[in-house]
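The residues making up each chain are set out below.
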Amino acid sequence: MKQARIIGTGSYVPEKIRTNHDIEQMTDTTAEWIVARTGIHQRRIAADSQVTSDLAANAALAALEMAGVAAQDIDQIIVATITGDYPWPATACIVQNKIGATNAYAYDVSAACSGFVYGLANAYNAIRSGAASKVLVIGAEVLSRIIDWGDRNTCILFGDGAGAVVLEAQEGDCGILSNHLHSDGSYLELLYQPGYGSCNPLSAKADPGSLPYLKMQGNEVFKVAVRSLSAVAQEALDAAGLSTSDVDLFVPHQANRRILEATAKRLGFTEEQVYINVDRFGNTSAASIPIALDEANRKGVLKDGDLVLLDAFGGGFTWGATLLRW
Ligand code: UT7
């Protein structure tokens, strides 16, 4: 059976930088508090003219170029996002049109910050079953448009960006080894966007308490995130009969530096094994893992045959890990 191997990565972040000092001017917080509690120094913000599919298309084109694959040769496009261009149709269809991937079918995955690993699992299943031979998986978000910049509980964390990978069916030992996905819908109200949907339709002129901004009970999310990220990463290693020391690069969802460090410590990773860029981009939800992966790849950190562990957690709650041979 053929492997599903990543043969190209790409990413795109908007030019505009919003620093913690900028945020001090917008809400009741300090740059020192933000750095101490999150490790974030700055995040990128999309220009008014940019939408999620623009970021996604830029990341996708960079990944295709690295892979040496023409857009027309892609069979399937999966976009992981919670900030699509429209409630529907899928942003993946808009990306398909923008990059000219005329032979691909396209759909979105909605699993919040875990969306990219959910998308990878779908790509793996499509390739392993023989249904596809080249798949584009993209994580893209313009979270700045669903953030209340006056809410200090949320606005300090998030940023905009996109990352993409091209997977190809290949013979050999390299590729995705396993996917481990979980959800628990009982945590809905700790992290969600109350409007506008069938619960809170735009037509009902929802009450002010239900404005369509992202809502989060950060400290409660924090505890479950560390627990779940550690457990699912361990599950992936156990399934392969491997241990933390076998991993060349651990790429966790860039939620908050304290979450990453607590998770890495629980699992026994050294600082050198863990990829962190949350300081520069904040939490970009579904885009965070593919942006980090692309950075690591372009810096030459990843070598053929390296063992890479991706680990994500997000609203839903959803969480998951992907173990792969680079
Ligand atoms: O992507 C996956 C989903 N999201 C996450 O993983 C996010 C998880 N959570 C977090 O990253 C953290 O919980 C936050 C960074 C959001 C908050 O950090 P925390 O250490 O959990 O702070 P806290 O909410 O427990 O608040 C501690 C104190 C409170 O004051 P009192 O009650 O102790 O007097 C807050 O009112 O800090 C206060 N506070 C702030 N102060 C200055 C909360 N936000 C701020 C702020 N600036 N921005």
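Per-chain numbering applies: the sequence of each chain, read as written, is numbered from 1 onward. Where local features are concerned, this predicted model is filtered to residues with pLDDT of at least 70; where side-chain atom pairs are given and counted, the filter is 80 or more; whole-chain, interface and lining totals use all residues. For the side-chain quantities, the full set of heavy atoms in the structure was used; hydrogens and water were omitted.

## A short note on the domain arrangement of the chain
Okay, step 1: The domain limits used here are those given by an automatic or database domain assignment. Under the domain assignment, the chain is made up of domain 1 (3-173) and domain 2 (177-325).
Okay, step 2: A straight line from the C-alpha centre of domain 1 to that of domain 2 covers 14 Å.
Okay, step 3: In this analysis, two residues are considered to be in contact whenever any of their non-hydrogen atoms come within 4.5 Å of each other. Taken together, the contact pairs 50 residues of domain 1 with 44 residues of domain 2.
Okay, step 4: Here the quantity called buried area is the accessible surface, traced with a 1.4 Å probe, that two parts lose on coming together, added over both. The contact between domain 1 and domain 2 buries some 3,700 Å² in all, and 62% of this surface belongs to carbon and sulfur atoms.
Okay, step 5: Of all residues in domain 1, Cys-113, Val-117 and Tyr-118 bury the most surface against domain 2, accounting for 17% of the area lost on that side.
Okay, step 6: By convention in these notes, a salt bridge is any Lys or Arg side-chain nitrogen within 4 Å of a carboxyl oxygen on Asp or Glu. In this assembly, domain 1 and domain 2 are joined by one salt bridge.

## A closer look at the site of the ligand
Okay, step 1: As a structural note, the neighbourhood of the ligand is formed by 23 residues, with Thr-29, Arg-37, His-253, Asn-256 and Asn-283 the closest of them.
Okay, step 2: The separation between an oxygen atom of the ligand and a polar side-chain atom of Arg-152 is 2.9 Å.
Okay, step 3: N or O atoms within 3.5 Å of each other form a polar contact, as long as, within protein, one can give a hydrogen and the other can take it, and as long as residues adjacent in sequence are counted only when both atoms are side-chain atoms. The side chain of Asn-256 places a nitrogen or oxygen atom 2.7 Å from an oxygen atom of the ligand.
Okay, step 4: For the ligand, the accessible surface in isolation is 950 Å², of which the surrounding protein chains cover 74%. When at least one non-hydrogen atom of a residue lies within 4 Å of a molecule or strand, that residue is treated as near it. We get accessible surface area from the Shrake-Rupley algorithm with a probe of 1.4 Å; when it comes to residues, only the shown protein chains can shield them.

## Looking at the packing of helix H3 (residues 52-67) against helix H4 (residues 91-99)
Between two packed helices, both the angle of their axes relative to each other and the distance between the axes serve to describe the pair.
Okay, step 1: For helices, the axis comes from a line fit to the C-alpha atoms of the stretch in contact; other axes are also lines fit to C-alpha atoms, and the angle between any two N-to-C directions lies between 0 and 180 degrees. Counting from the N terminus, the helices are DSSP H or I runs at least four residues long and the strands are E runs at least two residues long. At a closest axis distance of 9 Å, the pairing of H3 and H4 adopts a crossing angle of 55 degrees. Judged by the angle between their axes, H3 and H4 are oblique. Every pair of crossing elements has a handedness; the one defined by H3 and H4 is right-handed. Where H3 abuts H4, its residues Thr-52, Ser-53, Asp-54, Ala-56, Ala-57, Ala-60, Leu-61 and Leu-64 lie against Thr-91, Ile-94, Val-95, Lys-98 and Ile-99.
Okay, step 2: Residue classes follow a fixed rule: Ala, Val, Leu, Ile, Met, Phe, Trp, Tyr, Cys and Pro count as nonpolar, while Asp, Glu, Lys and Arg count as charged, and any other residue, Gly among them, counts as polar. Taken together, the residues of the contact of H3 with H4 sort by class into eight nonpolar, three polar and two charged. Each angle gets one of four labels, with under 35 degrees taken as roughly parallel, over 145 as roughly antiparallel, 65 to 115 as roughly perpendicular, and the rest as oblique. The hand of a helix crossing depends on one turn: near helix anticlockwise from the far one by less than a right angle means left-handed, and clockwise means right-handed.

## Considerations on the sheet that holds strand S8 (residues 175-183)
Okay, step 1: DSSP bridges decide pairing: two strands pair if at least two such bridges lie between them. Sheet architecture is open: four strands sit in the order S8-S13-S12-S11, paired in mixed fashion. Both edges of this open sheet fall to S8 and strand S11 (249-252), since each of them pairs with a single strand only. The sheet shows a mean angle of 10 degrees between the axes of neighbouring strands, taken without regard to direction.
Okay, step 2: Looking at chain direction, S8 and strand S13 (residues 318-325) are connected through eight bridges and run antiparallel. Across the sheet, Gly-175 pairs through a bridge with Arg-325, a residue of S13.
Okay, step 3: Across the sheet, helix H6 (residues 218-240) is in contact with S8, S11, strand S12 (307-314) and S13; its angle to S12 comes to roughly 150 degrees.

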